[in-house]
Amino acid sequence: DTVAPVASVDLAALPVSQKGVAFGGPQQATPHWDLLGGCVVVTDGSSDFLRVFSIESGATDSLYIHRLPVPDIVANDEVAALIGQPPGSKIPTPSALARISRITVSPDGWIWIEPWRSAADRRLGPTPVIRVHPRSGVQSSDTVPAFPAAFLSADEFLGVRSTDTGDHELVRVRRRR
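Residues take numbers from 1 onward in each chain, read along the sequence in its written order. Totals for whole chains, interfaces and linings use every residue, but because this is a predicted model, local features are given only for residues with pLDDT of at least 70 and side-chain atom pairs only at 80 or more, for both listing and counting. Water and hydrogen atoms were dropped before computing side-chain values, which therefore reflect all heavy atoms in the structure.

Novice: For the layout of surface pockets, give the residues involved together with the corresponding values.
Specialist: With a 1 Å grid laid over protein atoms only, a set of points is called a cavity when a 1.4 Å probe fits there but cannot get out and a pocket when it is open yet has protein on both sides within 12 Å along at least five of seven lines; lining residues have an atom within 4 Å of a point. Grid points are joined across faces, edges and corners, and a volume is the space filled by probe spheres set on the points. There is about 430 Å³ of room inside the largest pocket. Along the walls of the largest pocket sit 19 residues, with Arg122, Arg123, Gly125, Arg161 and Ser162 positioned nearest its centre. Each helix is a run of H or I in the DSSP string that is no shorter than four residues. Each strand is a run of E no shorter than two, and both are numbered from the N terminus. In terms of residue count, the dominant contributor to the lining of the largest pocket is strand β10 (residues 156–162) (three residues). Across the lining of the largest pocket, the residue classes break down as six nonpolar, six polar and seven charged. Counted as a void, the second largest pocket has a volume near 260 Å³. Residue type decides the class: Asp, Glu, Lys and Arg count as charged, Ala, Val, Leu, Ile, Met, Phe, Trp, Tyr, Cys and Pro as nonpolar, and the leftover types, Gly among them, as polar.

Novice: Any details on the environment of Asp72? Residues and values, ideally.
Specialist: With respect to the helices, strands and loops of the structure, Asp72 is situated in the loop between β4 (60–64) and α1 (76–82). Taking C-alpha positions, Asp72 is 18 Å from Arg102, a pair spaced 30 residues apart along the chain.

Novice: Requested: an account of the sheet that holds strand β6 (residues 111–115), with residues and values cited.
Specialist: The sheet built from four strands is open, its strands ordered β5-β6-β7-β8 with antiparallel pairing. Looking along the sheet, the strands with just one partner apiece sit at the ends: β5 (100–105) and β8 (139–144). Sheet twist, expressed as the average angle between the axes of neighbouring strands with direction ignored, equals 25°. DSSP bridges decide pairing: two strands pair if at least two such bridges lie between them. With six bridges joining them, strand β7 (residues 127–132) and β8 adopt antiparallel strand pairing. Among the inter-strand pairings, Pro128 is bridged to a residue of β8, identified as Thr143. Angles here are taken between N-to-C directions and fall from 0 to 180 degrees, while the axes themselves are lines fitted to C-alpha atoms, restricted in helices to the stretch in contact.

Novice: Mind laying out a nonpolar patch on the surface, listing which residues take part and the relevant values?
Specialist: Like-charged residues within 9 Å of one another, or nonpolar side chains (Val, Leu, Ile, Met, Phe, Trp, Tyr) within 5 Å, are grouped into patches, provided each residue has over 30% relative accessible area and no salt bridge. Only the protein chains shown count as cover for residues, and all accessible areas are computed by the Shrake-Rupley method using a 1.4 Å probe. Salt bridge, as used here: a side-chain nitrogen of Lys or Arg that lies within 4 Å of a carboxyl oxygen of Asp or Glu. The grouping of Val6, Leu35 and Ile55 at the surface amounts to a nonpolar patch, some 250 Å² of accessible area in total. Locating Val6 in the fold gives a position in the segment before β1 (32–36). Judged by relative accessible area, Val6 falls into the partly exposed class, the value being 43%. In this scheme, a residue with accessible area under 20% of its type's maximum is buried, one over 50% is exposed, and one in between is partly exposed, where area comes from a 1.4 Å probe on protein chains only.

Novice: Let's hear about the sheet that holds β10: which residues, and what values?
Specialist: Reading across the sheet, the three strands line up as β9-β10-β11 and stay open at both edges, with antiparallel pairing between neighbours. Each of the sheet's edge strands pairs with one partner strand only, and the pair in question is β9 (148–153) and β11 (168–174). Each adjacent strand pair in this sheet contributes to an overall mean axis angle of 25°, direction not counted. Bridge count between β10 and β11: seven bridges; the pairing is antiparallel. Of the residues in β11, the one forming a bridge with Phe157 is Val173.

Novice: Lay out the pattern of salt bridges with the relevant residues and their values.
Specialist: Any two side chains of opposite charge can pair if their charged atoms end up close together. Considering all chains together, one arrives at seven salt bridges under this definition. Its salt-bridge partner being Arg99, residue Asp48 comes within 3.9 Å of it at the nearest N-O pair. Taken together, the positions of Asp48 in the loop between β2 (39–43) and β3 (49–54) and Arg99 in the loop between α1 and β5 put the pair 51 residues apart, joining distant regions of the chain. A salt bridge links Glu156 to Arg174, with the shortest nitrogen-to-oxygen separation between them at 2.8 Å.

Novice: Requested: an account of the packing of aromatic side chains, with residues and values cited.
Specialist: Pairing of aromatic side chains here covers Phe, Tyr and the six-membered ring of Trp, requires ring centres within 6.5 Å, and sorts the geometry by plane angle: under 30 degrees stacked, over 60 edge-to-face, intermediate tilted. Applying the stated criterion to the full structure yields four aromatic pairs. Judged by centre distance (5.3 Å) and plane angle (55°), the rings of Phe49 and Tyr64 are tilted. Highlighted residues: Phe49 in strand β3 and Tyr64 in strand β4, separated in sequence by 15 residues. Note on Phe49: relative accessible area 40%, which makes it partly exposed. Plain terms: the ring middles of Trp112 and Phe157 are 5.6 Å apart, the flat faces sit at 75° to each other, and that makes the pair edge-to-face. A residue pair is termed long-range when its members are at least 10 positions apart, and Trp112 in strand β6 and Phe157 in strand β10 qualify at 45 residues. Pair check on accessibility: Trp112 and Phe157 agree, each one buried. One aromatic cluster in this structure is built from Trp112, Phe151 and Phe157. Against the face of Trp110 rests Arg131, its NZ or CZ located 4.6 Å from the ring centre. Look at NZ for Lys and CZ for Arg. If either is within 6 Å of the ring centre and within 35 degrees of the ring normal, a charge sits over the ring.

Below, the structure written as structure tokens:
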């Protein structure tokens, strides 16, 4: 087997809990990546830049995401409830605040970004997305019924969304341009 590095991003060290354990809470940034053809798109999940790598040439580029919101820090008791801890628990503050939940690349080359939202906000309806063209840097914001899990074409994808009862359903989304 041959292993060759393709891309890397620097990540902030995880914060440490009072018990001395590394803690990656719900707002701690995590890396995300996707691939289309020979192009890899990578984010550390917290910065407003994406890194784009060519597997063939080794060339790299950075894309500034000017529409990426900075979320509020979720209240300590809300985080405690999410992870099954009692109210008043001391929860470490994220060392790098999550600003991106997911990325994917559509068949026409556009990079789709789902900005980070709290669990309560994710239950509130359509999913906000930022679409970025990797060559021109053109960006647009939109909402979709669900974030793309698999593209059927540039204008059609499958996504998973929550229902009013808390179940999840697979939906087919056809976009009009």
